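Now for the letters of each chain:
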Amino acid sequence: MFLSDARGRLLSARAAWAMVLAFAMLWAIPGASLAQLTPDRTYYGFGREIPVSVSVPDGQSGDPAIVLFEPSGARVARAEVLAGRVDLATFFPILWGQNEPRVLYAQLFAAGDGGEGAPIGPPLVIQPLVSPRMATATRNGIDWQGGQPIFSGLRLYVDKLVKMTTTEGEILFRLRPDEAPNTVWHIRQLVEGGFYTDIMFHRVVPIHHSGKPFVIQVGDPTGTGQGGPGFFIDLEPSSLEHRFGVLSMARTRDANTNGSQFFVALSREATADLDAQYTAFGEAVSGTDVILAIEQTPLEDPTRPPTHPRAGRPANPPRIVSAELVDAPAFGTGPEPITRPAPTGER
């Protein structure tokens, strides 16, 4: 009896230490999520169950609720749930019954007195898997072709921001899967895999031929403007307007050559012509001073024409030191996109 009790105490101690180590490892993992809505997996085939785990903070009483939102903030549906494992398809039949599948957000809320409580954790992004249209670059712009779209399933993941630590400071970007879901997923994978580590801003264009600030460009490990991740993804349509702080994919004249290079727009006036020609997929929510500092980087030769192969080449290029994914704020609670400060003396 004594040996049995001692063994039980030993196993309990080991279990407790295992739990402590597990939590310590979770906190040590960069970008580790403590999300309160966690999907069982990333992909769900059409018409199947959509199991997710619901976790509420200690001390919460009453049943929490999950609310589906349009990206615009409009409510789609609401359902009270229990902590534990739930099937979103049961609570929200609309997920498989959409006539025109679109990106939705699922946000967990605490139980409130006579209503809805505070939001808990970051939202889930619910992206429909829909056969894409194909882009062809023409003299008149982009020509989109494709047949009847096929709705094959859903991709679910916890919403994240991208935090870029540069030699000039930090920039925080909100991703826009509602505008360019496949591009957002692609960039998330590159960030998560450590691709954007010690990469220079190889192109800085502080003045466009319009006389307004244009772009800063980064994402090529070779620093030549020719490199990338070793593969391309197709151009994806996006209605997000290019303006100060907006993230957009760089490409060649071939429409479907998006890789790892992207640019940050510096003004609406100089980048409006890029709308619908390039895939805009995110927007800065902090780091105005950092973007302006990179814009003001001295160039090797500021007199070079835009067609020159080293046009916009910084004399001492700023760099992305590292990039990581961090939990997004609860849906509808995050900071607004940054705007370009008015010149000194203007209001």
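Thresholds, definitions, all that
Residues numbered from 1 in each chain as written. Predicted model: local features only at pLDDT ≥ 70, side-chain atom pairs only at ≥ 80, totals over all residues. Heavy atoms only, no water. Pairing = 2+ DSSP bridges. Helix = DSSP H or I, 4+ residues; strand = E, 2+ residues; numbered from the N terminus. 1 Å grid on protein atoms, 1.4 Å probe; cavity = no way out; pocket = protein on both sides within 12 Å on 5 of 7 lines; lining within 4 Å. Points joined across faces, edges and corners; volume = space filled by probe spheres on them. Nonpolar A, V, L, I, M, F, W, Y, C, P; charged D, E, K, R; others polar. Axes fitted to C-alpha atoms, helices over the stretch in contact; angles between N-to-C directions. Salt bridge = Lys/Arg side-chain N within 4 Å of Asp/Glu carboxyl O. Buried < 20%, exposed > 50% of the residue type's maximum accessible area, 1.4 Å probe, protein only. Polar contact = N/O pair within 3.5 Å; in protein donor to acceptor, adjacent residues only side chain to side chain.

**Some thoughts on the pairing of strand E20 (residues 319–327)**
Point 1. Pairing of strand E12 (residues 160–166) with E20 involves seven bridges; the strand directions are antiparallel. Paired with Val162 across the strands is Leu325, a residue of E20.
Point 2. Strand direction decides the pairing type here: strand E14 (residues 199–200) and E20, joined by two bridges, are antiparallel. Following the sheet pairing, Ile199 is matched in E20 by Ile320.

**Re unusual backbone geometry**
Point 1. Phi at Asp198 takes a positive value of approximately 55 degrees, unusual for a residue other than glycine.
Point 2. Inspection of the secondary structure assignment puts Asp198 in the loop between helix H3 (181–192) and E14.
Point 3. Positive phi, close to 70 degrees, is recorded for Ala276, a residue that is not glycine.
Point 4. Within the secondary structure layout, Ala276 lies in the loop between helix H4 (268–271) and strand E19 (280–286).

**A look at the layout of surface pockets**
Point 1. Estimated volume of the largest pocket: approximately 1200 Å³.
Point 2. Taken together, 38 residues line the largest pocket, and the ones lying closest to its centre are Arg203, Gln217, Gly225, Arg251 and Thr252.
Point 3. Elements with a minimum of two residues in the lining of the largest pocket: strand E9 (134–138), strand E10 (141–145) and strand E16 (215–218).
Point 4. Looking at side-chain class alone, the lining of the largest pocket contains 14 nonpolar, 19 polar and five charged residues.
Point 5. In this structure, the second largest pocket occupies an estimated 890 Å³ of space.
Point 6. Taken together, 33 residues form the lining of the second largest pocket, with Val130, Ser131, Pro132, Pro181 and Glu236 sitting closest to its centre.
Point 7. Those elements that place two or more of their residues in the lining of the second largest pocket are strand E8 (115–130), strand E11 (151–158) and H3.
Point 8. Partitioned by chemical class, the residues of the lining of the second largest pocket number 16 nonpolar, nine polar and eight charged.

**Re the sheet that holds strand E1 (residues 37–39)**
Point 1. What the three strands build is an open sheet, ordered E1-E3-E6; its pairing is antiparallel. Two strands in the sheet have a free side with no partner beyond their single neighbour: E1 and strand E6 (84–87). The mean inter-strand angle of the sheet, taken between neighbouring strand axes irrespective of direction, is 30 degrees.

**Concerning the pattern of salt bridges**
Point 1. Per the stated rule, a full pass over the model turns up 16 salt bridges.
Point 2. Where Arg319 meets Asp198, a salt bridge forms, and the shortest distance between an N and an O atom there is 3.2 Å. Taken together, the positions of Arg319 in strand E20 and Asp198 in the loop between H3 and E14 put the pair 121 residues apart, joining distant regions of the chain.
Point 3. On the accessibility criterion, Asp198 (48% relative accessible area) is partly exposed.

**Here's the deal with the side chain of Lys160**
Point 1. Inspection of the secondary structure assignment puts Lys160 in strand E12.
Point 2. Lys160 gets classed as buried once you look at its relative accessible area, which sits at 6%.
Point 3. In this structure the side chain of Lys160 is engaged in a polar contact, spanning 2.7 Å, whose partner is the side chain of Asp327.

Any functional reading would require information beyond the geometric quantities listed.
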